[in-house]
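One letter stands for each residue in the lines below.
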Amino acid sequence: MRPAFVFGTRPEIIKLAPVIRAFEERGVKPLLVHTGQHYDYEMSRVFLEELGLPEIDHHLEVGSGTQAEQTGTAMIKIERVLMDERPDVTIVQGDTNTVLAGALASVKLKIPVAHVEAGLRSFDRTMPEEINRVLADHASEVLFAPTEEAKKNLEREGITENVYVVGNTVVDAVLQNAELAERKSDVLERFGLRPGEYVLITAHRAENTDSRENLAKLVEILESLPMIGIYPMHPRTRNRLKEFGLWERVSSIGNLIVTKPLGYLDFLRLERNAFAIMTDSGGIQEEAIILNVPCLTLRYNTERPETIEAGGNVLVGLEKERAIGYLRKLMDDEEFYRRMASAPNPFGDGKAGERIAEILMGLYEEGKLKVK
Ligand code: UD1
Ligand code: UDP
């Protein structure tokens, strides 16, 4: 069997690494296609190195662009590779433009698509990610839903065949790397941080960074932090802050450390030892609850409602009073902190990657891995 993995951004590399590893452990050598949606060293290569992934077979160097430019260019380049290589299945993960391009290019060549992290819905069609998720799910032959809730979302859209609830591979990644991070990373020492005494912040989502009004709200939150903050900043946010004339304000905040994006081991150690996390990231909402760190999500909706229901995550949006209010409550109310920090992980046992490899290999052997 020959599976092709198509990926192109930081979270896809992190969350697909356990699946790639599971195939390799079963003697299957996958084809690796990197679209180049993320291209800076600290947004891509650092993860390939840290996670010990094999050499990439095809670098497509798609780069940045408008939604259609990026998706269209990726589709054209992915199609060429898939026509040459004819893999048995194309595996994509998540909701980026790379995922949509990979899924569409593949299914039209009648190469079945397996979607890892299928069935997530924010029910907010203004997000590019929501469009990508919905379309990728409908182009897929095999759907790996992380939770029962995700499976129900698929059912509501009439997708009922070949749906497997396997957990989220983010748990595999965290379990495989958390101890290593604790041993190898010196990130706390480098930045002079003490465990439990800082808040970790990330925000990069289009809806928070592409309008000056929303980005200014984020800056207000940063200016009001009641404790030390560290913000490994996505290049999109850095660029927008400069473009909108907000960079000086951010860089002059006394108790805020702004740094380049960090490698996975550094980032995991920072997460694990944080007092709390403020983020608009999908993967970081998941990692926070896995690592028992309270999460305040800088959004008005989430496609990870399981984290809210479990009690480990609160949607605070971009309202300063609400965001800082919750951070203060965590600082002042021990019982509230304890409850958030002990919310159960809803994303499975860390064996999602193995299940995915087993299921796909089984379907292949039974001759069932075909576009219907
Ligand atoms: C993309 C995904 C988002 C995901 C995120 C992970 C889509 C629609 N969005 O958002 O769901 O959460 O990846 O981090 O696919 N840039 C660089 N260097 C890089 C990559 C990007 O400087 O290596 C800058 C460029 O200015 C670029 C901007 O960041 O225009 C945005 O990059 P893009 O890939 O379009 O989207 P992300 O914001 O990274
Ligand atoms: N991450 C990282 N370094 C950073 C920021 C994030 O290694 O500086 C990791 C994080 O641990 C998580 C993933 O990147 O696994 C999340 O990526 P991102 O927030 O870019 O994307 P999203 O999950 O929102 O799609």
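Anyway, here's the lowdown on the structure attached to this text.

## Section: the site of ligand 1
Working step 1: Taken together, 20 residues form the shell around ligand 1, and within it H38, N97, E129, H204 and R236 come nearest.
Working step 2: Contacts to ligand 1 include H38, whose side-chain N or O atom sits 2.7 Å from an oxygen atom.
Working step 3: Within the side chain of R236, a nitrogen or oxygen atom sits 2.7 Å from an oxygen atom of ligand 1.
Working step 4: Protein chains bury 87% of the 750 Å² of accessible surface belonging to ligand 1 in isolation.
Working step 5: Mapping ligand 1 onto the cavity grids shows that it belongs to the largest pocket.
Working step 6: At the level of elements, α3 (67-85), α5 (128-139) and α11 (235-243) are the ones that each hand at least two residues to the shell around ligand 1.
Working step 7: For the shell around ligand 1, the leading source of residues is α11, giving three residues.
Working step 8: Of the residues belonging to the shell around ligand 1, the class tally is five nonpolar, 10 polar and five charged.

## Remarks on empty space enclosed by the protein
Working step 1: One pass over the structure, following the stated rule, counts one cavity of 30 Å³ or more.
Working step 2: For the largest cavity, the calculated volume is near 30 Å³.
Working step 3: Lining the largest cavity, in full, are Q93, V116, E117, F144, P146, V166, G167, N168, T169 and I356.
Working step 4: Looking at the lining of the largest cavity, its residues break down into five nonpolar, four polar and one charged.

## Things to note about the nonpolar core
Working step 1: Among the nonpolar cores identified, the biggest contains 62 residues, and F5, F7, F23, I91, F144, L270 and L360 are the most heavily contacted of them.
Working step 2: For this core, the element with the highest residue contribution is helix α1 (residues 10-25), accounting for eight residues.
Working step 3: Residue assignment places this core across two domains, with domain 1 (3-168 + 349-365) and domain 2 (178-341) each supplying three or more.
Working step 4: Excluding anything up to four places from it in sequence, F5 contacts L16, V19, I20, F23, P30, L31, L32, V33 and I91.

## Examining the site of ligand 2
Working step 1: Taken together, 18 residues lie near ligand 2, and R205, L262, S281, G283 and E287 sit nearest.
Working step 2: Note that an oxygen atom of ligand 2 is positioned 2.5 Å from one of the side-chain N or O atoms of R205.
Working step 3: Between S281 and ligand 2, the recorded distance is 2.7 Å, taken from a side-chain N or O atom to an oxygen atom.
Working step 4: Protein chains shield 95% of the accessible area of ligand 2, which is 530 Å² for the free molecule.
Working step 5: The dominant element in the shell around ligand 2, judged by the number of residues it contributes, is helix α14 (residues 282-290), at four residues.

## Remarks on the packing of α1 against helix α7 (residues 169-184)
Working step 1: Here α1 crosses α7 at 85°, and the two axes come no closer than 8 Å. The angle between α1 and α7 falls in the class roughly perpendicular. Judged by residue contacts, I14, K15, P18, V19 and R21 of α1 engage T169, V170, D172, A173 and Q176 from α7.

## Focus on the pattern of salt bridges
Working step 1: Scanning the model with the defined rule gives 34 salt bridges in all.
Working step 2: For R272, the salt bridge goes to E179, with nearest N and O atoms at 3.3 Å. Taken together, the residues R272 in helix α13 (residues 264-272) and E179 in helix α7 connect sequence positions 93 residues apart.
Working step 3: On the accessibility criterion, E179 (48% relative accessible area) is partly exposed.
Working step 4: Residue E286 pairs with R304 through a salt bridge whose shortest N-O separation is 2.7 Å. Note that E286 is positioned in helix α14 and R304 in the loop between β12 (295-297) and α15 (305-310), a separation of 18 residues in sequence.

Parameters and conventions
Residues numbered from 1 in each chain as written. Chains lettered and ligands numbered in written order. Predicted model: local features only at pLDDT ≥ 70, side-chain atom pairs only at ≥ 80, totals over all residues. Heavy atoms only, no water. Near = heavy atom within 4 Å. Polar contact = N/O pair within 3.5 Å; in protein donor to acceptor, adjacent residues only side chain to side chain. Areas by Shrake-Rupley, 256 points an atom, 1.4 Å probe, with all protein chains shown as cover. 1 Å grid on protein atoms, 1.4 Å probe; cavity = no way out; pocket = protein on both sides within 12 Å on 5 of 7 lines; lining within 4 Å. Sits in = over half its atoms within 2 Å of the grid points. Helix = DSSP H or I, 4+ residues; strand = E, 2+ residues; numbered from the N terminus. Nonpolar A, V, L, I, M, F, W, Y, C, P; charged D, E, K, R; others polar. Points joined across faces, edges and corners; volume = space filled by probe spheres on them. Core = buried A, V, L, I, M, F, W, Y, C linked by side-chain atoms within 4.5 Å. Buried < 20%, exposed > 50% of the residue type's maximum accessible area, 1.4 Å probe, protein only. Domains from an automatic or database assignment. Contact = heavy atoms within 4.5 Å. Axes fitted to C-alpha atoms, helices over the stretch in contact; angles between N-to-C directions. Parallel < 35°, antiparallel > 145°, perpendicular 65-115°, else oblique. Salt bridge = Lys/Arg side-chain N within 4 Å of Asp/Glu carboxyl O.

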